[in-house]
Structures are given as C-alpha cells and as structure tokens.
Amino acid sequence: MKQKLDILAYEYIKDKILNNEFKAKDTISEKQIAEELSISKTPVKEALSQLENENFVIINPRKSVSVTEVDLKLIRDVFQVRSRIEPLLVELTIFFLNKDELKTALSEFKKRFEKMGKKEKVSGKEFDKLYDGYRYFFAGNCGNLFFARQMNLVYDHLHRIRRVLYGENNRRLEAIEEHISIIDLILNENPPIKIIRELCEKHVEAAQMDFFKNLNNLNI
C-alpha cells in the first residue's frame, strides 16, 4: 500500500508540473499535497525525492521544495537526446515489433493525424494527447528497456516545455505531415531505414527551431 501511495503522489505532482499547473519556481507544500490526497507526508516526500532525481523539482537545504525552471539548457539537452536517440527508437521498433501489430498501430495513428489535420481548430490538449501517444509508442515498443525509460523521461520534459512555450495553443500542421510521411515509409513492405532515420532527424531539427522561435515566452 505504501508503494501505491508513493506512486499516487508522484503521478499527481508530476501531472501538475507537466501541464504547467505548478509553474517554474513555485513552492510545493508537502502538507498541502498530503491533505489533497488524504495521505501522510511520507509518501509525498518519497515522491518528491523521485521527482528531484528526474529534474522536475529541487529540494532546497531548508527542505522547501520548488519546481525547476524550463531554461535554454533543458531545451538543448532534450533535443540533443532526441536527435540522437529518436531515429534509433523508430528503427528498433520496426524490427522488434510484430509486423501486424506495427501496421495496425501506425495505421491508426495515421488516420488520427489525417483527421486532426483537417480540423480548423485543435486544442493544445488534443494535439498533445495524440502527439505524445505517437512518441511514447516508439519508446515503449523499441525492445530496449534502457532506451524506453530514458526516452519516456525525455518526452515528459518535452511535454512540459511545450506547455510552457505554447500554452494551450500549440498546433504544428507541419509536424502532422512529417509524421504521416514517416508512417507511410514504415508501412512499406521493405521500409527504407536510412530515409526514415533522415526524416526523423529532420523532424526533430524542425521542432527544435520552432521551440527556439518561442523562447521569449521563457523570459530568458
């Protein structure tokens, strides 16, 4: 039960951080979180310790807890990992996952991307739900436990960065088109791995450039 309460507190706090409800430099009260979840402070402390290990919070010398900042270094670190690992995740998934499962999953993503691309208005939450699901799909099906764990954390930080930079208004039609092109190539009988990797790299590069255009939202 104690472990489950740790997880409950961890997911509760992280969700608020990822969605910018707890903003950079905000102080997190262990007592308040415990009261909101109707649990003791012990699992909250352990949850915060885990979140500190993942660079979402800072536990200060006087035991106060504050949310980490989204800064230029964090953005660069996230994209440095993405540019190196994300194309590899896609390649590994192509070879690791059963072909029928891969085709079924990616065909569904393609259908949802196409449907979204035709809409006149798409909320940030709607976009993020589909976009995050697509990325986490490759992280979760690459067949490598360590890549999966690392990239899930990277994608969590990416989700937070997007919310800070764009709020609820982020929608990149270019990204949707890029992913559809990648999916089409993966669904080929003999997927051209080199071209797929190159398109993945170009997608990450384009996303990084788009993020840098919006750095004024960070006030740095």
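The name given to the protein in an unreviewed UniProt entry is Transcriptional regulator, GntR family, and the organism recorded there is Pseudoleptotrichia goodfellowii F0264.

A look at the overall build of the protein
Check the secondary structure of the protein and you find 9 helices and 3 strands. In terms of overall dimensions, the protein is globule-like: its C-alpha atoms have a radius of gyration of 19 Å, near the 17 Å expected for 220 residues. Principal-axis analysis of the C-alpha atoms places the extent of the protein at approximately 60 × 40 × 30 Å. Counting across all 220 residues of the protein, residues that qualify as buried make up 43%.

A look at helix 8 (residues 173-186)
Structurally, the α-helix is built with 3.6 residues per turn, so residues lying three or four positions apart point the same way. Here helix 8 is 14 residues long and its end C-alpha atoms lie 20 Å apart, about the 20 Å a rise of 1.5 Å per residue gives. Buried residues of helix 8: A175, I176, H179, I180, I182, I183 and I186, and no others. One side of helix 8 holds all its buried residues, which, seen down the axis, span an arc of 165°. If you follow the buried residues of helix 8, they end up packed against helix 4 (72-96), helix 5 (99-117), helix 6 (124-140) and helix 9 (193-213).

Here we look at the domain arrangement of the protein
Along its sequence, the protein is carved into domain 1 (5-67) and domain 2 (72-217). One C-alpha centre belongs to domain 1, the other to domain 2; they are set 28 Å apart. A combined buried area of about 810 Å² lies between domain 1 and domain 2, and 52% of that area is made up of carbon and sulfur atoms. Counting across the interface, domain 1 meets domain 2 through 1 salt bridge. Notably, a salt bridge pairs K14 with D156, separated by 2.8 Å at the nearest N-O pair. Here domain 1 and domain 2 share 4 residue pairs in polar contact (both at pLDDT 80 or more) between them. When residues of the side of domain 1 that touches domain 2 are assigned to their parent elements, the largest contribution, 3 residues, is made by helix 1 (residues 2-18). Taken together, the residues that form the side of domain 1 that touches domain 2 break down as 5 nonpolar, 3 polar and 2 charged.

What to know about the pattern of salt bridges
A full pass over the atoms with the stated rule returns 13 salt bridges. Between E21 and K16 there is a salt bridge; the shortest N-O distance is 3.3 Å. We classify E21 as partly exposed; its relative accessible area is 47%. Its relative accessible area of 17% is what places K16 among the buried residues.

Topic: the layout of surface pockets
Here the largest pocket defines a volume of roughly 270 Å³. Listed by contribution, the elements that provide at least two residues to the lining of the largest pocket are helix 4 and helix 5. If you tally residues by element for the lining of the largest pocket, the top one is helix 5, at 4 residues. Taken together, the residues of the lining of the largest pocket sort by class into 7 nonpolar, 1 polar and 4 charged. The space that makes up the second largest pocket amounts to roughly 230 Å³. What lines the second largest pocket is a set of 15 residues, among which N55, L74, D77, V78 and H157 lie closest to the centre. Element by element, the count of residues in the lining of the second largest pocket is highest for helix 4, at 5 residues. Taken together, the residues of the lining of the second largest pocket break down into 5 nonpolar, 5 polar and 5 charged.

The rules behind the values
- Residues numbered from 1 in each chain as written.
- Predicted model: local features only at pLDDT ≥ 70, side-chain atom pairs only at ≥ 80, totals over all residues.
- Heavy atoms only, no water.
- Helix = DSSP H or I, 4+ residues; strand = E, 2+ residues; numbered from the N terminus.
- Rg over C-alpha atoms; globule rule 2.2 N^0.38 Å.
- Buried < 20%, exposed > 50% of the residue type's maximum accessible area, 1.4 Å probe, protein only.
- Expected span 1.5 Å × (residues − 1).
- Arc of directions from axis to C-beta.
- Contact = heavy atoms within 4.5 Å.
- Domains from an automatic or database assignment.
- Buried area = accessible area lost by both parts, 1.4 Å probe.
- Salt bridge = Lys/Arg side-chain N within 4 Å of Asp/Glu carboxyl O.
- Polar contact = N/O pair within 3.5 Å; in protein donor to acceptor, adjacent residues only side chain to side chain.
- Nonpolar A, V, L, I, M, F, W, Y, C, P; charged D, E, K, R; others polar.
- 1 Å grid on protein atoms, 1.4 Å probe; cavity = no way out; pocket = protein on both sides within 12 Å on 5 of 7 lines; lining within 4 Å.
- Points joined across faces, edges and corners; volume = space filled by probe spheres on them.

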